[in-house]
Amino acid sequence: MPTSTPHRRREPPQGPWARFLDFMELTSPEGKWGWGLVLGLLVIGFWPLALLGVLDVSGTSRKVLVALGPASICLGLALLVLVCGYRYGESLRMSRGKTWGLAALFVGMGLAGAAGLWFSES
């Protein structure tokens with residue numbers, strides 16, 4: 001009596017982008033969450049500069065957009081530090097105090113950069 005072998009499903013060939021996402025382990029739910037976090041950081045951080053590049057503004061509105069550039073980038077990095085610090089702090093051997101301190105450092109740098117650009121913009 002011949003034995004029958006189970007039919008194996010053949011997966012369709014993956015394109016280069018799908019292979020790259022698999023290699024970087026970005027296809028899992030955790031990887032998709034990280035992908036969304038990075039895209040959110042880019043949107044939070046660079047919206048004033050993108051708006052400045054698209055709009056033709058001058059005066060106070062230009063000063064505001066120029067000053068918001070580094071402030072929003074550093075705010076996005078502070079949020080990233082807080083999220084990752086609370087989520088992976090134990091495995092990184094990073095205490096909550098160090099997490100908040102690093103986030104405060106980024107906020108301070110953003111505020112200092114914003115103030116410097118505000119007063120240097122003529």
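Residues numbered from 1 in each chain as written. Predicted model: local features only at pLDDT ≥ 70, side-chain atom pairs only at ≥ 80, totals over all residues. Heavy atoms only, no water.

### Digging into the packing of helix H2 (residues 29-54) against helix H3 (residues 60-88)
Interhelical geometry of H2 versus H3 gives an angle of 165 degrees and a closest axis separation of 6 Å. As far as their axial angle goes, H3 and H2 are roughly antiparallel. Judged by the twist between their axes, the crossing of H2 over H3 is right-handed. Among the residues forming the contact of H2 with H3, the class breakdown is 20 nonpolar, four polar and three charged. (Axes fitted to C-alpha atoms, helices over the stretch in contact; angles between N-to-C directions. Helix = DSSP H or I, 4+ residues; strand = E, 2+ residues; numbered from the N terminus. Parallel < 35°, antiparallel > 145°, perpendicular 65-115°, else oblique. Left-handed = near helix turned anticlockwise from the far one by under 90°. Nonpolar A, V, L, I, M, F, W, Y, C, P; charged D, E, K, R; others polar.)

### Focus on unusual backbone geometry
Positive phi outside glycine occurs at Arg 93, with the angle close to 55 degrees. Within the secondary structure layout, Arg 93 lies in the loop between H3 and helix H4 (96-120). Owing to a relative accessible area of 77%, Arg 93 belongs among the exposed residues under this scheme. (Buried < 20%, exposed > 50% of the residue type's maximum accessible area, 1.4 Å probe, protein only.)

### Regarding the environment of Gly 76
Along the chain, Gly 76 turns up in helix H3. For Gly 76, a relative accessible area of 2% gives the class buried. Sequence spacing of Gly 76 and Leu 42 is 34 residues, and the spatial spacing of their C-alpha atoms is 7.8 Å.

### Examining the packing of H3 against H4
For the pair H3 and H4, interaxial distance at closest approach is 8 Å and the crossing angle is 170 degrees. Between H3 and H4, the angle is such that the two are roughly antiparallel. When its residues are assigned to classes, the contact of H3 with H4 shows 20 nonpolar, five polar and two charged.

### So, the nonpolar core
Ranked by size, the top nonpolar core spans five residues in total: Ala 78, Val 81, Leu 82, Ala 103 and Phe 106. Listed by contribution, the elements that provide at least two residues to this core are H3 and H4. With three residues, H3 is the single largest residue contributor to this core. Look past the residues within four positions of Ala 78 in its chain and what remains in contact with it is Ala 103, Phe 106 and Val 107. (Core = buried A, V, L, I, M, F, W, Y, C linked by side-chain atoms within 4.5 Å. Contact = heavy atoms within 4.5 Å.)

### Some thoughts on the confidence of the model for the protein chain
In the predicted model, the protein chain carries a mean pLDDT of 86, and 89% of its residues have values of at least 70. Per-element mean pLDDT across the protein chain ranges from 84 in helix H1 (residues 16-23) up to 94 in H4. (pLDDT = per-residue confidence, 0-100.)

### As for the pattern of salt bridges
The final tally for this structure, using the stated rule, is two salt bridges. When the shortest N-O distance is used, the salt bridge between Arg 87 and Glu 30 registers 3.1 Å. Highlighted residues: Arg 87 in helix H3 and Glu 30 in helix H2, separated in sequence by 57 residues. Residue Arg 87 is classed as partly exposed on the basis of its relative accessible area of 41%. Residues Arg 62 and Glu 121 are paired through a salt bridge, measuring 2.9 Å at the closest nitrogen-oxygen approach. Of this pair, Arg 62 sits in helix H3 while Glu 121 is found in the segment after H4, placing the two residues 59 residues apart along the sequence. (Salt bridge = Lys/Arg side-chain N within 4 Å of Asp/Glu carboxyl O.)

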